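Examination of the molecular architecture
Here's the letter readout for the chains.
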There are 2 protein chains.
Amino acid sequence: MSITVVGSVAYDTIETPAGKRERCLGGAATYFSLAASYFTNVRVIAVVGEDFGKRQESVFQTHNIDTTGIEHTAGKSFFWEGSYLDNLNEAKTHITDLNVFATFDPKIPDSYRDSEFLFLANIDPVLQRRVREQMPDVKIVAGDTMNYWIKDHRPALLEVLKGLDILLINDTEARMLAGTENLLQAARGVLALGPKALVVKHGEYGATIFHGANSKGNGAEIFRAPALPLEDVVDPTGAGDSFAGGFFGYLASQPEQTPAVFRRAMFYGSVLGSFACERFGTERLQQLSRKEIDERFNLFRELTHLD
Amino acid sequence: MSITVVGSVAYDTIETPAGKRERCLGGAATYFSLAASYFTNVRVIAVVGEDFGKRQESVFQTHNIDTTGIEHTAGKSFFWEGSYLDNLNEAKTHITDLNVFATFDPKIPDSYRDSEFLFLANIDPVLQRRVREQMPDVKIVAGDTMNYWIKDHRPALLEVLKGLDILLINDTEARMLAGTENLLQAARGVLALGPKALVVKHGEYGATIFHGANSKGNGAEIFRAPALPLEDVVDPTGAGDSFAGGFFGYLASQPEQTPAVFRRAMFYGSVLGSFACERFGTERLQQLSRKEIDERFNLFRELTHLD
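Below is a short write-up of the structure.

Criteria and cut-off values
Residues numbered from 1 in each chain as written. Chains lettered and ligands numbered in written order. Predicted model: local features only at pLDDT ≥ 70, side-chain atom pairs only at ≥ 80, totals over all residues. Heavy atoms only, no water. Least-squares fit on C-alpha atoms with pLDDT ≥ 70 in both. Contact = heavy atoms within 4.5 Å. Pairing = 2+ DSSP bridges. Helix = DSSP H or I, 4+ residues; strand = E, 2+ residues; numbered from the N terminus. Axes fitted to C-alpha atoms, helices over the stretch in contact; angles between N-to-C directions. Buried area = accessible area lost by both parts, 1.4 Å probe. Salt bridge = Lys/Arg side-chain N within 4 Å of Asp/Glu carboxyl O. Polar contact = N/O pair within 3.5 Å; in protein donor to acceptor, adjacent residues only side chain to side chain. Nonpolar A, V, L, I, M, F, W, Y, C, P; charged D, E, K, R; others polar. 1 Å grid on protein atoms, 1.4 Å probe; cavity = no way out; pocket = protein on both sides within 12 Å on 5 of 7 lines; lining within 4 Å. Points joined across faces, edges and corners; volume = space filled by probe spheres on them. Buried < 20%, exposed > 50% of the residue type's maximum accessible area, 1.4 Å probe, protein only. Right-handed = clockwise from strand over helix to strand, strands pointing away. Arc of directions from axis to C-beta.

The next point concerns the relation of the copies chain B and chain A. The second copy of the chain is related to the first by a rotation about an axis and a shift along the axis. The operation relating chain B to chain A is a screw motion whose rotation component is 180°, with 0.0 Å of axial translation and a residual RMSD of 0.0 Å. Taken together, these values place the two copies in the relation of a two-fold axis. The share of interface residues of chain B whose copies in chain A are also at the interface is 100%, consistent with both copies meeting through the same surface.

Another aspect to go through is the sheet that holds strand β3 (residues 19–26) of chain A. Residues and elements named next belong to chain A. The mixed open sheet is built from 4 strands, whose spatial order is β3-β2-β6-β7. Each of the sheet's edge strands pairs with one partner strand only, and the pair in question is β3 and β7 (92–97). Averaged over all neighbouring strand pairs, the angle between strand axes comes to 15°, with direction disregarded. Here strand β6 (residues 78–83) runs beside β7; their pairing, made up of 5 bridges, is antiparallel. When the bridges of β7 are listed, Ser83 appears paired with Lys92.

Next up on the list: the interface of chain B and chain A. At the interface, 31 residues of chain B touch 31 residues of chain A. For the pair chain B and chain A, the two sides together bury roughly 3,000 Å², of which 48% comes from carbon and sulfur. Its largest share of buried area at the contact with chain A, chain B owes to Tyr205, Arg224 and Leu306 of chain B, together 28% of the area lost on that side. Ionic pairing is found between Glu204 of chain A and Arg175 of chain B, a salt bridge with its closest N-O pair at 3.3 Å. Counting across the chain B and chain A interface gives 18 residue pairs in polar contact (both at pLDDT 80 or more). Per-element accounting of the side of chain B that touches chain A gives the leading share, 5 residues, to helix α11 (residues 290–304) of chain B. Among the residues forming the side of chain B that touches chain A, the class breakdown is 14 nonpolar, 5 polar and 12 charged.

Following the criterion strictly, the structure yields 1 cavity of 30 Å³ or more and no others. Roughly 80 Å³ of volume is contained in the largest cavity. As for the largest cavity, its lining consists of Tyr205, Arg224, Ala225, Pro226 and Thr304 of chain A together with Tyr205, Arg224, Ala225, Pro226 and Thr304 of chain B. Sorting the residues of the lining of the largest cavity by element identifies β13 (221–225) of chain A together with β13 (221–225) of chain B as the ones contributing at least two each.

Take the pairing of strand β4 (residues 42–48) of chain B next. Residues and elements named next belong to chain B. The buried fraction of β4 amounts to 7 of the 7 residues, a majority that puts the element mostly inside the structure. The alternating pattern of β4 places Val42, Val44, Ala46 and Val48 and Arg43, Ile45 and Val47 on opposite faces, both of which are buried. Alignment of strand β1 (residues 3–6) against β4, held across 4 bridges, turns out to be parallel. Paired with Thr4 across the two strands is Arg43, which belongs to β4. Each parallel crossover has a hand, and the one from β4 via helix α2 (residues 54–62) to strand β5 (residues 65–72) is right-handed.

With that settled, consider the side chain of Arg224 of chain A. Mapping Arg224 of chain A onto the fold places it in strand β13. Among the polar contacts made by the side chain of Arg224 of chain A, one reaches the side chain of Thr208 of chain A at a distance of 2.9 Å. Once residues within four sequence positions are removed from consideration, Arg224 of chain A is found in contact with Leu183, His202, Ala207 and Thr208 of chain A together with Glu204, Tyr205, Pro226, Ala227, Pro229, Leu303 and Thr304 of chain B.

All names here are of chain B. If you walk across this open sheet you meet the 4 strands as β3-β2-β6-β7, and the pairing is mixed. With one partner strand each, in any of the chains shown, β3 (19–26) and β7 (92–97) form the two edges of the open sheet. Between one strand and the next, the sheet's axes are offset by a mean angle of 15°, whatever the strand orientation. Of the strand pairs in this sheet, strand β2 (residues 10–16) and strand β6 (residues 78–83) are connected by 6 bridges, and their pairing is parallel. If you follow Thr13 over to β6, its bridge partner there is Glu81.

Each α-helix winds once per 3.6 residues, and so residues spaced three or four apart point in a common direction. Residues and elements named next belong to chain B. Among the residues of helix α5 (residues 154–162), those classed as buried are Leu157, Val160 and Leu161. The buried residues of α5 occupy one face: seen down the axis, they fall within an arc of 100°. Away from its buried face by more than 90 degrees, α5 exposes Pro155 and Lys162. In the core, the buried residues of α5 are packed alongside β8 (117–120), α3 (125–134), α4 (147–152), β10 (166–170) and α6 (171–178).

Any functional reading would require information that these geometric values do not contain.
Structural data, given as structure tokens:
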């Protein structure tokens with residue numbers, strides 16, 4: 001089944017201890033859709049400027065990603081510059097130029113309307129909600145957000161959360177959203193806000209899913225997927241979006257979303273997140289094979305399973 | 001098979017968001033031996049002052065822990081006071097009174113000499129080495145250390161590491177010891193210093209073991225055990241020592257130390273570490289049953305296993 005994703009398609013200038021790259025193709029929707037493309041058909045809704053041409057478009061098309069919903073407009077694409085020189089786990093932002101993204105008004109192509117899966121990448125919750133409302137027939141909606149929206153746009157974000165099946169955020173965001181330091185208590189607090197499932201990404205320590213709780217957030221089932229200790233983390237940019245793409249892509253590829261499928265989806269999320277870090281930008285995600293993905297899946301199983 | 005452990009037996013005054021307790025029975029050797037006592041016989045080498053009486057001794061004896069090697073001397077026992085008010089993952093030390101521990105010269109009772117397992121808890125590496133040399137016939141030696149010894153007593157510590165089968169430390173210590181931020185590179189660096197296996201404890205994210213590397217630290221097998229997300233972390237003091245006790249206690253209880261046994265030992269370490277946090281000091285470790293331990297072991301398996 002196909003996934004529609006709305007989010008940023010951008011250029012990133014990234015410096016890490018491994019080096020520096022100027023204007024890599026990036027953005028949450030790019031990482032997400034490349035990662036998900038190894039499992040299912042993906043359709044993108046985004047906006048780009050005149051600096052986004054045939055070469056960039058072909059990155060999506062090579063992976064059978066539908067770019068009908070990528071709007072081309074006058075001006076420059078979203079640009080971000082950041083570095084990870086002191087801490088590979090946290091980017092230091094130097095420049096954020098929203099450019100054409102500042103006036104983004106997502107439009108959903110008719111050909112996208114039969115998507116059964118919708119992913120709302122990390123953008124203004126007002127836009128997330130607008131897209132959600134225009135796709136009333138989707139079967140499963142997942143989304144991401146970040147500290148900025150949690151802190152300064154809470155009412156709009158809470159509206160989005162009410163309609164989410166799965167929220168994927170990191171530890172800091174979960175704690176901030178629930179207002180408590182303890183991870184279990186934070187999970188309960190977040191689940192009480194609406195999402196049927198919560199995936200908390202722990203970076204190099206993997207991720208935990210909480211699902212099946214009651215309306216007060218109690219009684220959730222918990223499953224934890226590992227992350228691979230990597231020899232060389234070249235560039236952690238987009239690891240979380242790649243996790244989401246692997247996770248949601250696998251979910252969408254399965255006829256039923258059983259608890260066992262959710263567990264495997266968590267592993268596939270971790271696998272795609274780990275690949276993303278191995279090279280700059282989306283370089284590694286562009287060149288994967290399903291065989292490599294499944295080999296790493298098995299490695300993760302060996303890494304954590306008793307028998 | 002029995003374990004001899006050398007380390008501190010102390011009193012701790014601890015403040016956490018859950019409250020404050022004055023002069024709990026603590027110390028690395030206490031946490032370690034209580035945790036290990038659920039799996040095998042444990043023999044303690046430590047020094048205490050006149051404030052350590054029959055009541056404290058009975059805590060050990062109730063768990064069949066041999067206290068022959070606990071030396072009683074004039075003065076007060078080791079005392080530590082700390083708090084975790086801002087951060088449950090890191091203690092803020094207010095008082096460290098070494099007291100009788102300042103002149104500790106470990107003596108090994110003859111009745112301990114047939115122990116096949118030796119654990120060198122976190123004490124001066126000069127003392128760790130002295131104990132190791134007095135027990136030449138042990139089969140497996142494991143040890144712990146901390147930032148203070150790594151930074152300021154490196155030559156003595158390096159001598160200890162050469163003779164260790166298993167080193168158990170946390171992320172920060174592993175990175176500091178190897179002088180690199182990347183966990184895999186740090187593991188390789190530490191293994192090249194001598195230990196045959198390295199267990200890196202990640203606090204609430206579990207622990208990773210690296211073993212079977214060559215003499216340059218390359219080619220290690222890796223296994224990661226989860227930690228349970230806990231609803232109420234009452235007091236994290238001693239969680240690492242309890243991990244070590246569960247891990248080494250289980251190892252010592254098995255006829256052979258196969259890779260499968262190492263994996264299960266990692267799980268038991270995580271299980272004992274998680275119990276330790278549920279109440280102040282060693283309260284929870286004093287009142288466990290093997291049934292509770294195995295139930296949590298199974299919970300950990302469910303929490304991380306695909307099938």
